[in-house]
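Here's the letter readout for the chains.
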Amino acid sequence: MASIDLDKMLAKIKSTQWALSDIDWDAPGAELITEEQWPKLKEFMADLMWIEHVGARAFAALAKKAPTDTLREIYSYFHAEEQRHANAEMALMRRWGMLEGDEIPEPNVNLRIIIEWLDRFADEMPVYVLGTVVPMLEIALDGALCTFLLETVKDPVCHQAFEKINDDESRHLGVGFTVMEMQGRSASYIKMVQMMARVMDPRLILGIASYMPLLNKMRDNVIAMGLPEEKLYKAMQKFERIGGRTEEGRRNPWFQLIKQHGRWVTNRSNKVYHVPVDALVKITGMVPRKALPAVPSWVKELTYEPTATR
Amino acid sequence: MSTTEDSKKTAKPKAPRKKAAAARKTTARRKSTARKKAPEKPLSVLIVGAGFAGLGMAIRLKQAGIEDFIILERGNAVGGTWRDNQYPGAACDIPSNLYSYSFAPNPNWSRSFSGSEEILDYVHHLVAEFGLEKHIRFEQNVAELRFDETKGIWTATTDKDVVFTGRAAVMAQGPLANCSFPAITGIEDFKGKKIHSARWDHDYDFSGKNVAVVGTGASGIQIIPELVKVAKHVKVFQRTPGWVMPRPDFSTPEWNKLLFRKVPASQQAMRELLYWSHESMALAVIWNSPLTRIAERIGKWHLRRQVKDRWLRRQLTPDFTIGCKRVLVSNDYYPALQKDNAKLITWPIARISEEGIRTVEGIEHQVDCIVFATGFDVSHSGTPFPVLGRGGRVMGDDWKGGAQAYKSINVSGYPNLFLTFGPNSGPGHNSALVYMESQLEYALKGIRKIVGEDLKMLDVREDAQQRFNKSIQKRLAKTNWNSGCKSWYLTEDGFNATMYPGFATQYATQMSEFKEEDYQTA
């Protein structure tokens, strides 16, 4: 993927905004969700919604650290757009009767840990750590999950919403890969040393320790819902393919690290990686919800209502 | 603080409030008495604008014995920005004892930071006290100012084709006089009430209304706490959080007012104290120094003390060096945002719709009224009306690359013309009126020279102006204003035509010397 002009991209982002009220959430088609689909879809949508929301918070951190005004503004928009996706997905859940009252779907423990980590440490992370992890999450989870969803759900409103969401996501990925290439333009050795210094940061180690089981947990969840494992892996390999397309991209040490990690995740026979990480998933699954700190207030900004007076 | 002999002699510490109401009645809605044809003999001075600057100039002219001048005011009352900015909570963020003229002290300020109404009373007091009323021509909106080189006369033509002439002209129309609704997509679609902070609608009843406030600058943070008290719900749309410092605002005890009345020197001493304490702030606000870090710590402490929620605190934490934009002062802004009927929205605005404001997170925030606290139309490269100088040159054209002047007050090619709040005269840390007094004294020197020596032309040399600007831009490059944030101080290209890069004392020194060799005369 060739690098994009970020100023033009910002103008494009501003001119292609949409709102929840652009979609008729009461239009016919909700009945196309089968009884068999419903419980699995509920879990699936909750996970998807939380991934979008977590992605939103990561973009908020990126906006704080972005090296240029244009990129800062782009990330501010992406932060809001990911929130819009989460809101739209909640609106779909409500349409399908998956929300009770005003309740926000409960995030799983791994997500709760990631939320906590993002809240405490994301703003302290260098821009290129999240700048590389976020495209991976978007391409792998978002990409694979959205494709799967559209293949299995016939409701036209769902297709209408995801057409808009996917348009946004393609811009997010375009910027994501451009930024990764920007990072790869300077000397690799220096970047590698700087990166190693960052990797030693205990806050980042905590982040990695939260991110790895989250990926495995999500993999287990989506497979349980019927998504072929290969589709997820294929999406993850897309990250390697696009990110490594240019020399600058390949020279970005964070790309190399995330790419390598992606290879471990997609190789089920890699016991050295999967045995301890799966164990972590099990351990975190045993953490009682009450032991987790209260969710930060940014989580409470989620809403399925297209309009708000308060 | 520099004052001239004249100003010291004529200081009259009298109470403005007593005469204010009467003054307002007499000055308001006064009709023009000008003739369509210019009088045979030009006046000595034409002043454009009856705000602080224009009235201050008039007072100093009178004190200097120059009586044949007029003030052309486009409105029907005096007061300029303080007449226009009467929104709830409007107040000055500089202590009143410093935000007033040293040649017209007011011992009766009710608070350390007075509200706009009291400041406007003070302005009316100036009119009454110094007998300025007869000099003011209301509802005369100047549409063009043109210099006649052969006669050495400035001609002001109003939008109703009324003509006034003067040997010298003072542009005192104010830098913050014009405002408009911001160019947000869909703003014309909104069916509810739209109010600009500088054109407040006092008849609109906010009680029981859902209100949006766009903008969290100096006006926004004063309006919001007042609206939260009366409106049903207030949504505050913030683009960039500013640095908000605590506001040491106290009501003035009666004994203090009495002391200032009986012993004017005590008020002068207070003014000096305030002046020097503000001067010291320059070290934190104008340049990036260890004091800047201390000021930022005070700002963060203020935020931490008043806002307990981590995310809200993050939303309100500025990401630019303090001083880069106007430093805000408030004790009640942060608490107001946390009231049950208030909410801070930091999502970017996507557009305005018929019912409210759509933000990028996809939600339409429906409201009855939108208050735009979005500031003023500040021109960095033009003039509010065409100003034509020697050989028909147009100041707006000369300023296309950014406004430039000599010592902020004269522009080469535009003889006998004096600017107030001209290019690079803005303070970031001290009272604007302190800077204004220096400008008035300088203009007075020039006018005296023109009138006294019967000059047709007193024009600053091009090379002197260029030398001055080269030096000022070099100094500006090292300031916080030019450190990377976007603000109304800068043009889109980042050129700073607004601020003075130094202490008020430096500015006063710059203005105290009238270098005749920098001018050509005829």
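Notes on the structure in this doc start here. What you see is a predicted model; the values in this text were computed from it and never measured.

Time to look at the sheet that holds strand β13 (residues 349–352) of chain B. The 4 strands are arranged β1(A)-β15(B)-β14(B)-β13(B) in an open sheet whose pairing can be described as mixed. The sheet is open, and its two borders are formed by β1 (307–308) of chain A together with β13 of chain B, each paired with just one other strand. Strand direction decides the pairing type here: β1(A) and strand β15 (residues 364–366) of chain B, joined by 2 bridges, are parallel. Following the sheet pairing, Ala308(A) is matched in β15(B) by His365(B).

Across soluble globular proteins, nonpolar side chains show a tendency to be buried alongside one another. Formed by 115 residues in total, the largest nonpolar core has its most connected members in Trp25(A), Tyr75(A), Leu92(A), Trp96(A), Leu149(A), Val175(A) and Ile370(B). For Trp96(A), the contacting residues outside a window of four places in its chain are Ala30(A), Ile33(A), Trp38(A), Leu41(A), Met45(A), Val153(A), Asp155(A) and Cys158(A). Residues Met57(B), Leu98(B), Val123(B) and Phe514(B) belong to the second largest nonpolar core, which totals 64 residues.

All names here are of chain B. End to end, helix α9 (residues 290–306) covers 25 Å across 17 residues, agreeing with the expected 24 Å (1.5 Å per residue, within 8%). Listing the buried residues of α9 in full gives Thr292, Ala295, Glu296, Gly299, His302, Leu303 and Gln306. Down the axis of α9, the buried side of the element spans an arc of 115 degrees, and every buried residue falls inside it. For α9, exposure combined with an orientation more than 90 degrees from the buried face picks out Pro290 and Arg297. Those residues of α9 that are buried are in contact with β10 (244–245), α8 (264–285), α10 (310–316) and α11 (333–337).

Here Thr81(B) shows up in helix α4 (residues 81–84). Taking the relative accessible area as the measure of exposure, Thr81(B) reaches 28% and is therefore partly exposed.

On the side of chain A, 34 residues touch chain B, which itself brings 28 residues to the contact. Taken together, the two surfaces of chain B and chain A that pack against each other cover about 2500 Å², and 50% of this comes from carbon and sulfur. Among the residues of chain B in contact with chain A, Trp311(B), Arg314(B) and Trp347(B) are the three that bury the most area, contributing 26% of the side total. Taken together, the connections running from chain B to chain A amount to 3 salt bridges. A salt bridge links Asp123(A) to Arg314(B), with the shortest nitrogen-to-oxygen separation between them at 2.5 Å. Taken together, the links from chain B to chain A amount to 14 residue pairs in polar contact (both at pLDDT 80 or more).

Basis of the calculations
Here the residue index of a chain counts from 1 through its sequence in written order. The order in which chains are written sets their letters, starting at A; the order in which ligands are written sets their numbers, starting at 1. Local features in a predicted model are, by the rule used here, given only for residues with pLDDT of at least 70; side-chain atom pairs are given and counted only at 80 or more, and totals for whole chains, interfaces and linings are based on all residues. As a rule here, side-chain values cover all heavy atoms of the structure and leave hydrogens and water aside. Whether two strands pair depends on DSSP finding at least two bridges between them. The helix and strand labels rest on DSSP assignments: H or I over at least four residues marks a helix, E over at least two residues marks a strand, and numbering proceeds from the N terminus. By convention a nonpolar core is built from buried Ala, Val, Leu, Ile, Met, Phe, Trp, Tyr and Cys residues, the set being connected through side-chain atoms within 4.5 Å. Using a 1.4 Å probe on the protein chains alone, a residue whose accessible area is under 20% of its type maximum counts as buried, one over 50% counts as exposed, and one in between counts as partly exposed. Working rule for contacts: check all heavy atoms of both residues, and any pair within 4.5 Å makes them a contact. By this rule, a helix spans an expected 1.5 Å times one less than how many residues it contains. The arc in question is the one traced by the directions running from the helix axis out to the C-beta atoms. Accessible area, probed at 1.4 Å, shrinks when two parts are joined; the buried area is that loss added up over both. For this document, the term salt bridge refers to a Lys or Arg side-chain nitrogen within 4 Å of an Asp or Glu carboxyl oxygen. The definition of a polar contact used here is a pair of N or O atoms within 3.5 Å, where within protein one atom must be able to donate a hydrogen and the other to accept one, and adjacent residues in sequence count solely through side-chain atom pairs.

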